[in-house]
Amino acid sequence: MAEQTNKFALFVLMFNMFIAFSGIGLIIPIMPSYLETFGAAGQALGFLVAILSFSQFIFSPIAGNISDKHGRKHLIIFGLVIFGLSQLMFGMVDELWLLFVARFFTGLGSAFLVPPTMAFVADVTTYEDRGKGMSYLGAAISLGFMVGPGIGGYLSNVSLQFPFYIATAVALLSAVISFFALPNIKPAEQAGAIGAPKVQENILQQMKRSVHTTYFVLLIVVFVFSFGLANFQSTITLYMDKHFNYSPGTISIVLTFGGLAGVIVQTFFVSRLFKIFGEIKIILVNLVVAALSLFAVLFVNEFWAILTVSTIFTTATTLIRPAVNTLISKFAGTEQGFAAGMNNAYMSLGNMVGPALAGVLFDIDMTYPYYLGTLILLISFSISFVWYKRKEKVIAAL
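Read on for a plain summary of the structure.

Criteria and thresholds
Residues numbered from 1 in each chain as written. Predicted model: local features only at pLDDT ≥ 70, side-chain atom pairs only at ≥ 80, totals over all residues. Heavy atoms only, no water. Helix = DSSP H or I, 4+ residues; strand = E, 2+ residues; numbered from the N terminus. Buried < 20%, exposed > 50% of the residue type's maximum accessible area, 1.4 Å probe, protein only. Contact = heavy atoms within 4.5 Å. Areas by Shrake-Rupley, 256 points an atom, 1.4 Å probe, with all protein chains shown as cover. Patch = residues over 30% accessible without salt bridge, like charges linked within 9 Å, V, L, I, M, F, W, Y side chains within 5 Å. Salt bridge = Lys/Arg side-chain N within 4 Å of Asp/Glu carboxyl O. Core = buried A, V, L, I, M, F, W, Y, C linked by side-chain atoms within 4.5 Å.

Comments concerning the overall build of the protein
Helix and strand counts for the protein come out as 16 helices and zero strands. Classification of the 398 residues of the protein by burial places 51% in the buried group. Relative to all contacts within the protein whose residues are 6 or more apart in sequence, the contacts with residues 24 or more apart total 86%. A total of about 18,200 Å² of accessible surface is found on the protein, and carbon and sulfur atoms cover 68% of it.

As structure tokens, then:
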């Protein structure tokens, strides 16, 4: 009976993550047209994406600590409610600054949803099945990112505000389901556990310590590819709108197809590629592929060409993420929690800086974000290659 309850709880957690990340993604194809109603463009879009990541960066550690002390369920419900109401606010406001307020609360809601959900998976799975549970959760996240833009583009045919109303309703429904379906598991106290940290470090202290780790270069790669991916995601809709005059529906097709390719590769091919080539070679090759495909965006003029280039870029970044995560975990040894936290922190930083800078550059010249993204990805490849040559024997022994 307990096993069935845990399986259903895992399904509910997957549904919650799908709702959250599809809700975040549905904004993408709508924003060029939506921002025009406020008289805004690229810079505003960049900062709207960045402020969500900033909110996640601030509140995720807080949510994780609270869930360790008081349990996951009520924080997850709180996160879903805040997330849903922020979507409603985003669709109803008539002032640009209120969009930023709404997006900040979207980040707060997802911060109180995602870390407790990740911890909940460990609570409801056995040690042997934990990897499978985490992979299911990752699949739900990837699927949400994939279909979110498509849902947003389709629902925008009713009105530009309609997708946000639907996102609100589904998030609140998910909160109700979670209230009745999720057990309120309170993690066992770990204060006296062997190896527990004597001093609770804040995020700045942790980032300072990360500079001295053996895998610091990999954290830089996390920041860079997150920067490049956020750079691409935050400006490609504007670029297709301005350069090709594509509708939200057409933009959503491009983004959804790229996301689908990424999910397929992640589900069926990643583990095989790791066994054949190793994680570091996957990282190096796909940093170059991502850089070249980002650069190629500037030289295509047909729908099928932009669809192909976008799909190649998305697939490359899909391969980089699990390769970096796996390699960091191998280097981390007994500090798995610290390494995972730093991985998320550097990813959030990339998601903040990328859209903000890309938006500013886009308003100056729509090609500038792609030149900058290409350059940074190639620099990251160079740094990673030098690090690999120095650590080649160590990496081979992992």
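As for a nonpolar patch on the surface
Nonpolar side chains collect at one region of the surface, where F295, F299, I364, Y368 and Y371 lie side by side and expose about 520 Å² of accessible area between them. Looking at the element boundaries, F299 is found in the loop between helix 12 (279–296) and helix 13 (303–332). On the basis of relative accessible area, F299 is assigned to the exposed category, the value being 53%.

Side note on the pattern of salt bridges
Following the criterion strictly, the structure yields two salt bridges and no others. A salt bridge links E36 to K242; the nearest nitrogen and oxygen atoms lie 3.7 Å apart. One end of the pair, E36, is in helix 2 (residues 27–36); the other, K242, is in helix 9 (residues 216–244), with 206 residues separating them in the sequence. Using a relative accessible area of 43% as the deciding quantity, one classes K242 as partly exposed.

Re the nonpolar core
Counting 79 residues, the largest nonpolar core has Y34, F90, L218, I236 and I283 as its most contacted members. At 14 residues, the largest contribution of residues to this core is made by helix 9. The contact partners of L218, leaving out residues within four places of it in the chain, are I283, V324, L327, I328, F331 and W387.

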